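# What the coordinates show
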Amino acid sequence: MRRVKASMDEITPLSSTNTSNKENTMSPLETSPSSSPQEYEVYQEELHVTYAPNHNTFLYNYFPIEYVEKLYPSNLPPSIQLLRIENIAVPTCYLCVGLLQGLSGPFINVYPQFLGASEAQQTSISAIRSLPASFKLVFGFFSDNVPFMGYRRKSYMFIGWAMSSLSMLFLLSFSNLERVRNVANDDEVSGVHIAFSPAEDAPSIPFLTLSLLIFGTGFWFADVMGDSIVAEKAKLEPEESRGQLQSTCYACRFFGLMVAAPISTVLYSKVGPQIIVTLMALLPMMMLLPIYYLYEVKHADIKSTREQCSEIWTTVCSRAVWQPMGFVYVYNVLQIGNAAWREFLLSVLMFKDWQLNTLFVIANVLLYLGVMAYKYYFIKYSWRSIYIGTTLLNGVLSLMQILLIQGITFGLSPFVFALGDDIFADFIAGVQFLPTTIMMVHLCPSGSEGASYAMFTTVNNCALGMASAISTVLLGIWDVSKETMVSGDVSGMTKLTILTTCLQTAGLFFVKMLPKTKEDLAVLHADQYSGSKIGGFVFLGVTVLSVMYAMIVNLLNIVSPGWAGES
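Since we're looking at a predicted model, the values are computed, not measured.

### Description of the overall build of the protein
Secondary structure summary: the protein contains 22 helices and two strands in total. Per-residue burial for the protein yields a buried fraction of 49% across its 567 residues. Put simply, of all contacts in the protein between residues at least 6 apart along the chain, 80% involve residues at least 24 apart. Looking at the protein as shown, the accessible area adds up to about 26100 Å², and 64% of this sits on carbon and sulfur atoms.

See the structure below:
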């Protein structure tokens, strides 16, 4: 049934009874971030009924009404209009996450090596960066149960971004990140060779590692708070726009990643690491003002820890949870990549660093376009159709790698052929990403969104971690060593590619575990006979073991670098 929009003239703004005076039509939320819960409830109730809150927005005073309507759609409740001042911290949080991921990725991949870190030490730094993500479930459960200054999300998001900013400020203050320019007369063409070396007071590897640990802890803490808020707000979406809130937020995230990754690469090459760390300190600091204006009910009623645990247990026992999440886990575990592919590009095809960076940058662009394609087009298709179509297409693209291995590129250069092969896989990943996250939100019980959504995303991420570990194990089946491939024997590489492609496509055998649509998920969730304690135990057991696996691997990489065979 189509919703009939209320006329703008039918609204009486809460902050004024004079609707003809624009200056007095701003809501309490636009003028103060600390409105009382009672004021907000009245405000929400009135605007939910009319669904036309444009008079209560700041931009209404300065922009034509047709532009205000686009920025603040009157068919949406004000609590999910992301550009309102009380909500703007939500999309900016996701944007900041993407920007920081894009900035920090190239920096962490290159700078430790520049400081002289061994391969084992580089593995440790990567592990330190990933370690706080293993505690997302703890972060979510803690914020659900222990409010700080009366807030469950707002205060912790503030603390998280403040930690990230301060850690980078300490790194800037107590070490010298400048590069020392060295000139030598040994260049064959110009006779001058320019190289860089670390300054005498450059950060030590332990100090850099500690700074990145604090940065990562604050980063993931704030990220969990953003996810929790979105999980709460997504339940308020009208039926006809379900999924748009999450798709918008994740579009902000991947847009930030797409923009920041190439900028970070260029800035590091042209200016140096200090500008990257400076940006990593400033961006989280800029989040603090939007968080101040973020609206959250203060001193909201909180269920006891026992009640929340009981509710989460009931949730995971539901077939609507363990069945689709079982599919997500199995499908992602089977997404086993060819771990020798990068070595093949470098050693056999002789790809340069700039070519690999170009693949990385374009892949991020295609990832963002995949998310946008789902948001504006594929969102109307069933979840099963999305997974079946994208998995089959991914299988075709993976098999095309065999043509590249055999040197069959139809007249194209290997680099151009690899572009069409590798980067479209990221477009497919972008299309697949949102259906899973939308499903996870609808599985979260009210009041425990932080812990439950973190648990679901942990299952998803740990499955991908398992797939990465399995890909390393598969390297021992056939000889895909650098020496063998350089000698011209790529038979092992061909066989490994066929095996990984078959494993990735095998996820389709489990696709019937996935509900077709949100409506099917709701029907499954409403079935009082769909519960299973065995399913709940298996789900929690897999979750706990996956988290333990991730933590143990990361800790081993930190405590005993080289345990997996690195030098």
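### Description of the packing of helix H7 (residues 154-173) against helix H10 (residues 273-286)
Close contact between H7 and H10 brings their axes to 7 Å; oriented N to C, the two are set at 150°. Compared by their axis directions, H7 and H10 come out roughly antiparallel. You can see that H7 and H10 cross each other, and the crossing is left-handed. Across the interface between the two elements, Trp161, Ser164, Ser165, Met168, Leu169, Leu171 and Leu172 from H7 touch Gln274, Val277, Thr278, Met280, Ala281, Pro284 and Met285 from H10. Among the residues making up the contact of H7 with H10, the classes are represented as ten nonpolar, four polar and no charged.

### Observations regarding the packing of aromatic side chains
Inspection of the entire model under this criterion finds 24 aromatic pairs. Plain terms: the ring middles of Tyr292 and Tyr293 are 5.2 Å apart, the flat faces sit at 80° to each other, and that makes the pair edge-to-face. Its relative accessible area of 48% is what places Tyr292 among the partly exposed residues. Members of the aromatic cluster, connected to one another through ring pairs, are Phe139, Phe142, Phe148, Tyr156 and Phe221. Over the aromatic face of Tyr376 sits the side chain of Lys375, whose NZ or CZ is 5.2 Å from the ring centroid.

### What to know about the side chain of Glu86
Inspection of the secondary structure puts Glu86 in the loop between helix H3 (65-71) and helix H4 (89-114). Reaching out from Glu86, the side chain makes a polar contact with the side chain of Arg84 at a distance of 2.9 Å.

### Examining the nonpolar core
The biggest cluster of nonpolar side chains holds 94 residues, and the ones touching the most others in it are Phe107, Trp161, Met325 and Phe456. Residues within four places of Met325 in sequence aside, it is in contact with Met439, Met440, Leu443, Phe456, Val459 and Phe539. Core analysis: the next-biggest nonpolar cluster, separate from the first, contains 21 residues, Leu356, Phe417, Val490 and Met493 among them.

### Looking at the pattern of salt bridges
All told, the structure shown has seven salt bridges when counted by the stated rule. Taking the shortest distance from any N to any O, the salt bridge between Arg153 and Asp144 comes out at 2.8 Å. In terms of burial, Arg153 and Asp144 fall into one category: buried. Linking Arg153 and Glu232 is a salt bridge whose minimum nitrogen-to-oxygen distance equals 2.9 Å. In this pair, Arg153 sits in the loop between helix H6 (136-145) and H7 while Glu232 sits in helix H8 (residues 205-234), placing the two residues 79 residues apart along the sequence. Taking the relative accessible area as the measure of exposure, Arg153 reaches 1% and is therefore buried. Three or more residues are tied together by salt bridges with common partners; here these are Asp144, Arg152, Arg153 and Glu232.

### Here's the deal with the environment of Val330
When you line up the elements, Val330 lands in helix H13 (residues 319-333). Look at Val330 and you get partly exposed, because its relative accessible area is 26%. Taking the C-alpha atoms as reference points, Val330 and Leu464, separated by 134 residues in sequence, lie 9.7 Å from one another.

### Digging into a negative patch on the surface
Taken together, the side chains of Glu343, Asp479, Glu483 and Asp489 define an acidic patch exposed on the protein surface. Secondary-structure assignment places Asp489 in the loop between helix H19 (482-486) and helix H20 (491-505). Asp489 gets classed as partly exposed once you look at its relative accessible area, which sits at 37%.

### A few points about the state of the cysteines
As enumerated under the stated definition, the model contains zero disulfides in all. Not part of a disulfide, Cys249 finds its nearest cysteine sulfur in Cys252, a span of 6.3 Å.

### Overview of the confidence of the model for the protein
Of the residues in the protein, 82% have a pLDDT of 70 or more, and the chain-wide mean is 78. Confidence, expressed as mean pLDDT per element, reaches its minimum in the protein at helix H1 (residues 28-31) with 36 and its maximum at H7 with 95. Of the regions scoring below 50 in pLDDT, residues 1-52 engages in 93 contacts with residues more than four places distant in sequence or in other chains.

### Considering the side chain of Gln246
In this fold, Gln246 is placed in helix H9 (residues 244-270). When its relative accessible area of 1% is taken as the criterion, Gln246 is described as buried. In this view, Gln246 contacts Val230, Leu434, Thr437, Ile438, Val441 and Tyr453; residues no more than four positions away in its chain are not counted.

### Structural notes on unusual backbone geometry
Positive phi, close to 60°, is recorded for Met149, a residue that is not glycine. Turning to its location among the elements, Met149 is positioned in the loop between H6 and H7.

### A short note on the packing of H8 against H9
Where H8 contacts H9, the axes come no closer than 10 Å and their chain directions differ by 155°. Considered as vectors, H8 and H9 are oriented roughly antiparallel to each other. Of the residues in H9, those in contact with Trp220, Asp223, Asp227, Val230, Lys233 and Ala234 of H8 are Leu245, Gln246, Cys249, Tyr250 and Arg253.

### Details of a nonpolar patch on the surface
Among the surface-exposed residues, Val544, Leu545, Met548, Ile552 and Leu556 lie close enough to one another that they form a single nonpolar patch of about 450 Å² accessible area. By secondary structure assignment, the location of Met548 is in helix H22 (residues 533-559). Met548 sits in the partly exposed class, given a relative accessible area of 43%.

### Concerning the environment of Val90
With respect to the helices and strands, Val90 occurs in helix H4. Placed 159 residues apart in sequence, Val90 and Cys249 show a C-alpha to C-alpha distance of 7.6 Å. Sequence-distant contacts of Val90, that is, excluding residues within four places in its chain, are made with Leu82, Ile229, Val230, Lys233, Cys249 and Leu294.

### A short note on the environment of Pro273
Relative to the assigned elements, Pro273 resides in helix H10. On a C-alpha basis, the gap between Pro273 and Glu178 in space is 7.0 Å, while along the polypeptide they are 95 residues apart. For Pro273, the residues in contact, after removing those within four places along its chain, are Phe107, Tyr111, Leu177, Arg179 and Tyr268.

Conventions adopted
- Residues numbered from 1 in each chain as written.
- Predicted model: local features only at pLDDT ≥ 70, side-chain atom pairs only at ≥ 80, totals over all residues.
- Heavy atoms only, no water.
- Helix = DSSP H or I, 4+ residues; strand = E, 2+ residues; numbered from the N terminus.
- Buried < 20%, exposed > 50% of the residue type's maximum accessible area, 1.4 Å probe, protein only.
- Contact = heavy atoms within 4.5 Å.
- Areas by Shrake-Rupley, 256 points an atom, 1.4 Å probe, with all protein chains shown as cover.
- Axes fitted to C-alpha atoms, helices over the stretch in contact; angles between N-to-C directions.
- Parallel < 35°, antiparallel > 145°, perpendicular 65-115°, else oblique.
- Left-handed = near helix turned anticlockwise from the far one by under 90°.
- Nonpolar A, V, L, I, M, F, W, Y, C, P; charged D, E, K, R; others polar.
- Phe/Tyr/Trp six-rings, centres within 6.5 Å; stacked < 30°, edge-to-face > 60°.
- Lys NZ or Arg CZ within 6 Å of the ring centre and 35° of its normal.
- Polar contact = N/O pair within 3.5 Å; in protein donor to acceptor, adjacent residues only side chain to side chain.
- Core = buried A, V, L, I, M, F, W, Y, C linked by side-chain atoms within 4.5 Å.
- Salt bridge = Lys/Arg side-chain N within 4 Å of Asp/Glu carboxyl O.
- Patch = residues over 30% accessible without salt bridge, like charges linked within 9 Å, V, L, I, M, F, W, Y side chains within 5 Å.
- Lys, Arg positive; Asp, Glu negative; His and termini not counted.
- Charge placed at Lys NZ, Arg CZ, Asp CG, Glu CD.
- Disulfide = S-S within 2.5 Å.
- pLDDT = per-residue confidence, 0-100.

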